[in-house]
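Each chain, written out:
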Amino acid sequence: MSADEGARHPEDITVPDAVSAPDAEGRPRRVTRRFPLFTRDTARPEGSGRAAPLGAPAPARQWPILAVLSLIGVGLLLTALDVFRYGTLLIGVALLGGAALRWLLPGVGMLAVRSRFTDIATYGVLGLAIALLAMMAQPHPWLEIPFLKDTLHFTVSG
């Protein structure tokens, strides 16, 4: 092999697997599918754009999370004022409303924390659980699920 044959131009280099942009010398650079050891940046969650135009004041741009947090605050206040069932039910409904907003609106501001599916599932499951538990609270529950009582008696007596 002569010296001429050993010297290759950058455009002559072929890499059989995945290649990203060329490096400073113009050679293709190999990429890896492994995650980096240290995260340098965090991707914005989908739908995390402003919920109102840029010219609107800051609270108006984040109205979805403000609405959910306001309802949760009122629910906590009702719970503190000894209206437990209505307060916790309002907290559950606020989370279900957050799930609905995340599902229906393309941009929900800071209400978007994770991917759309994860946000909807998290808000929905927690909201439904809190609302159901509020309706099943003693004394005089609004909702009775017979198999839960049987399950409780089985686990306690067994």
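What you see is a predicted model, and the numbers here were worked out from it, not measured in a lab.

Enquirer: Looking at this structure, I do not really get the nonpolar core. What am I missing?
Expert: In this structure, I65, V68, I72, I91, A94, L95, A99, L101, V108, L111, A112 and Y123 together form the largest nonpolar core, which totals 12 residues. Only α3 (63–80) and α4 (84–104) provide two or more residues apiece to this core. Considering each element in turn, this core owes the most residues, 5 residues, to α4. Beyond its immediate sequence surroundings of up to four residues, I72 is in contact with I91, A94 and L95.

Enquirer: I tried to follow the packing of aromatic side chains on my own but got confused; where do I start?
Expert: One pair of aromatic rings is described through two measures. These are the centre distance and the angle between the planes. Summed over all chains, the structure comprises 1 aromatic pair. Considering the side-chain rings of Y86 and W142, the 5.4 Å spacing of their centres and the 65° angle between planes classify their relative orientation as edge-to-face. In this pair, Y86 sits in helix α4 while W142 sits in the loop between α5 (116–136) and α6 (146–157), placing the two residues 56 residues apart along the sequence. Note on W142: relative accessible area 44%, which makes it partly exposed. Here the basic side chain of R85 rests over the ring of W142, its NZ or CZ set 5.0 Å away from the ring centre. For R114, the ring lying beneath its charged end belongs to Y123, and the centroid distance is 6.0 Å.

Enquirer: Any chance you could explain the packing of α3 against α4 here in plain terms?
Expert: The geometry of α3 relative to α4 is characterised by a closest axis approach of 7 Å and an angle of 170° between their N-to-C directions. Comparing their axes, α4 and α3 come out roughly antiparallel. Counted together, W63, P64, V68, L71, I72, V74, G75, L76, L78 and T79 of α3 and F84, Y86, G87, T88, L90, I91, A94, L95, G98 and L101 of α4 form the full contact between these two elements. A breakdown of the residues in the contact of α3 with α4 according to their chemical character gives 15 nonpolar, 5 polar and no charged.

Enquirer: Please clarify how unusual backbone geometry should be interpreted in this entry.
Expert: As a rule of thumb, non-glycine residues mostly have phi less than zero, and peptide bonds are mostly trans rather than cis. Cis geometry marks the peptide bond from Q138 to P139; its omega dihedral reads -5°. Positionally, P139 belongs in the loop between α5 and α6. At D82, a residue that is not glycine, the phi angle is positive and equals roughly 70°. Among the structural elements, D82 can be located in the loop between α3 and α4. You can call D82 exposed: its relative accessible area is 70%. Of note, the phi angle at H140 is positive, near 55°, even though the residue is not glycine. Turning to its location among the elements, H140 is positioned in the loop between α5 and α6.

Enquirer: Which parts of the structure should I look at to understand the pattern of salt bridges?
Expert: A side chain with one charge can pair with a side chain of the opposite charge if their charged atoms come near. Summed over all chains, the structure comprises 2 salt bridges. Residue D119 is joined to R102 by a salt bridge in which the shortest nitrogen-to-oxygen separation is 2.8 Å. Here D119, found in helix α5, pairs with R102, found in helix α4; they are 17 residues apart in sequence, far enough to count as distant. Judged on exposure class, the residue D119 and its partner R102 are both buried. In this structure, R114 and D119 form a salt bridge, with 3.1 Å as the shortest nitrogen-oxygen distance.

So, how was this worked out
Residues numbered from 1 in each chain as written. Predicted model: local features only at pLDDT ≥ 70, side-chain atom pairs only at ≥ 80, totals over all residues. Heavy atoms only, no water. Core = buried A, V, L, I, M, F, W, Y, C linked by side-chain atoms within 4.5 Å. Buried < 20%, exposed > 50% of the residue type's maximum accessible area, 1.4 Å probe, protein only. Helix = DSSP H or I, 4+ residues; strand = E, 2+ residues; numbered from the N terminus. Contact = heavy atoms within 4.5 Å. Phe/Tyr/Trp six-rings, centres within 6.5 Å; stacked < 30°, edge-to-face > 60°. Lys NZ or Arg CZ within 6 Å of the ring centre and 35° of its normal. Axes fitted to C-alpha atoms, helices over the stretch in contact; angles between N-to-C directions. Parallel < 35°, antiparallel > 145°, perpendicular 65-115°, else oblique. Nonpolar A, V, L, I, M, F, W, Y, C, P; charged D, E, K, R; others polar. Salt bridge = Lys/Arg side-chain N within 4 Å of Asp/Glu carboxyl O.

Without other data, these values stay purely geometric and don't point to any function.
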